[in-house]
Amino acid sequence: MQLRGIGRGRPCRHARGAQARPEPGKLLVWSDWSAIEARITPWLAASEGGEAVLDIFRASDADPTQPDIYANAAANVLHKNDPRGITKTERQIGKVATLALGFGGSVGALKSMALNYRIHLEDAEARCIVDAWRAANSWAPEFWGVHRGEESFGIWGAALSAWELPGQITAAGRLAFVYREDYLGGSLFMALPSGRLLTYPRPRWREVDILDQNDKPTGEKRTELSFRRAHGRTKLWPGVFCENAVQGTAADLLRETVTRIETNPALAFMPIRMTTHDEIVCEVDEARAEEAKALLRREMLTRPEWAGGLPLQSEETINFYYTKAARK
């Protein structure tokens, strides 16, 4: 089975709907974390409200008959008292809201995500969902934060305070920031819970054109923070920091799990053939597929020391080809 063009054990994106097959006499066993981004975001916030969201995950993980995070989100945005009464269709709305709004997204992000699930929302309807989700998850806007005048908190407050005070460490939830003037012409660093640093070289405020619906300049301008990336510049705002932190933490979790599996001689019979952002795919002899499935689940649910308190759940699959559609 040749899937190693991406490099063994390195996180990658696998084309949705694509298939991969093992060698004759072997099967693929894979596992993916359930709602990993929706779990990491409130965990990073390290707040009372974020912990309440994690409790919903813990309850549904322990008892699958309990309403999950998407049913609870649907009940909130649809103003229903009992998440147990949420229908399958309504739950999809809760899923879309949870996935689209966790990084500070608003009406545009929600409508775009909804279309992926074949849900059409009018602007007014989307606005109501955004407002209801934020009201029910006030920990999220607090975590994204602000930095204006005497008011400074959350990720945005910590990042800009660090930039204004070179060499001083500032914190937001489980994240920390520091600005170094002597690195790459001045760089802002965000430290993840694993200790890994994300780097934002040469942050600058600058005026940019406001564009119309056809991406044409309107003649008006706004002030925008950006950092140097490759040969251009990329906009910085609270949602970027939040998404980077969540995706980076998920990648750290994946890397450590991959390393643990590949360096354990007892697991050599189940080599990793592919990874995605939240999946690990192994190839095993048919006779040992069920054993590999149990061991892979064990490894997926093993938290690194730095991830204490993060509730994890996974779903495992055995099949003779890799697909996002089939479960066995």
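An account of the accompanying structure is given in this report.

**Focus: the nonpolar core**
Phase 1 of the analysis: With 81 residues, the main nonpolar core has Leu110, Leu175, Phe177, Met190, Phe241, Met270 and Ile280 as its most contacted residues.
Phase 2 of the analysis: Looking at which element gives the most residues to this core, the answer is helix H9 (residues 238-262), with ten residues.
Phase 3 of the analysis: Apart from residues no more than four positions distant in its own chain, Met190 is found in contact with Leu175, Ala176, Phe177, Arg196, Leu197, Leu198, Tyr200, Phe241, Asn244 and Ala245.
Phase 4 of the analysis: Grouped together as the second largest cluster of nonpolar side chains are six residues, Ala20, Leu28, Trp30 and Val281 included.

**Side note on the side chain of Ser161**
Phase 1 of the analysis: Its location among the elements puts Ser161 in helix H8 (residues 154-164).
Phase 2 of the analysis: One polar contact links Ser161 to Ser152, side chain to side chain, over a distance of 3.5 Å.
Phase 3 of the analysis: Not counting residues up to four positions away in its chain, the partners in contact with Ser161 are His147, Ser152 and Thr170.

**A closer look at the packing of aromatic side chains**
Phase 1 of the analysis: Scanning the entire structure with this criterion turns up nine aromatic pairs.
Phase 2 of the analysis: Relative to Phe241, the ring of Trp156 has its centre 6.1 Å away and its plane inclined at 50°; by these criteria the two rings are tilted. Separated by 85 residues along the polypeptide, Trp156 in helix H8 and Phe241 in helix H9 bring together distant segments of the chain.
Phase 3 of the analysis: When its relative accessible area of 1% is taken as the criterion, Phe241 is described as buried.
Phase 4 of the analysis: Ring plane angle 70° and centroid distance 4.8 Å describe the contact between Phe320 and Tyr321, whose orientation is recorded as edge-to-face.
Phase 5 of the analysis: Aromatic rings pair up to connect Trp156, Phe177, Tyr200, Phe227 and Phe241 into one cluster.
Phase 6 of the analysis: Positioned above the aromatic ring of Phe269 is the side chain of Arg288, whose terminal nitrogen or guanidinium carbon lies 3.7 Å from the ring centre.

**Some details on the sheet that holds strand E1 (residues 26-33)**
Paired through backbone hydrogen bonds, the strands of a sheet run either parallel or antiparallel to each other.
Phase 1 of the analysis: Strands sit in the order E11-E12-E1-E13 across an open sheet of four strands; the sheet is antiparallel. Because the sheet does not close on itself, it has two edges, and the strands there are strand E11 (272-275) and strand E13 (314-319). Each neighbouring strand pair of the sheet contributes to a mean axis angle of 20°, computed without reference to strand direction.
Phase 2 of the analysis: Here seven bridges tie E1 to strand E12 (residues 279-285), and the two strands are oriented antiparallel to one another.

About the thresholds
Residues numbered from 1 in each chain as written. Predicted model: local features only at pLDDT ≥ 70, side-chain atom pairs only at ≥ 80, totals over all residues. Heavy atoms only, no water. Core = buried A, V, L, I, M, F, W, Y, C linked by side-chain atoms within 4.5 Å. Buried < 20%, exposed > 50% of the residue type's maximum accessible area, 1.4 Å probe, protein only. Helix = DSSP H or I, 4+ residues; strand = E, 2+ residues; numbered from the N terminus. Contact = heavy atoms within 4.5 Å. Polar contact = N/O pair within 3.5 Å; in protein donor to acceptor, adjacent residues only side chain to side chain. Phe/Tyr/Trp six-rings, centres within 6.5 Å; stacked < 30°, edge-to-face > 60°. Lys NZ or Arg CZ within 6 Å of the ring centre and 35° of its normal. Pairing = 2+ DSSP bridges. Axes fitted to C-alpha atoms, helices over the stretch in contact; angles between N-to-C directions.

Functional significance is not addressed by these values, which are geometric in nature.
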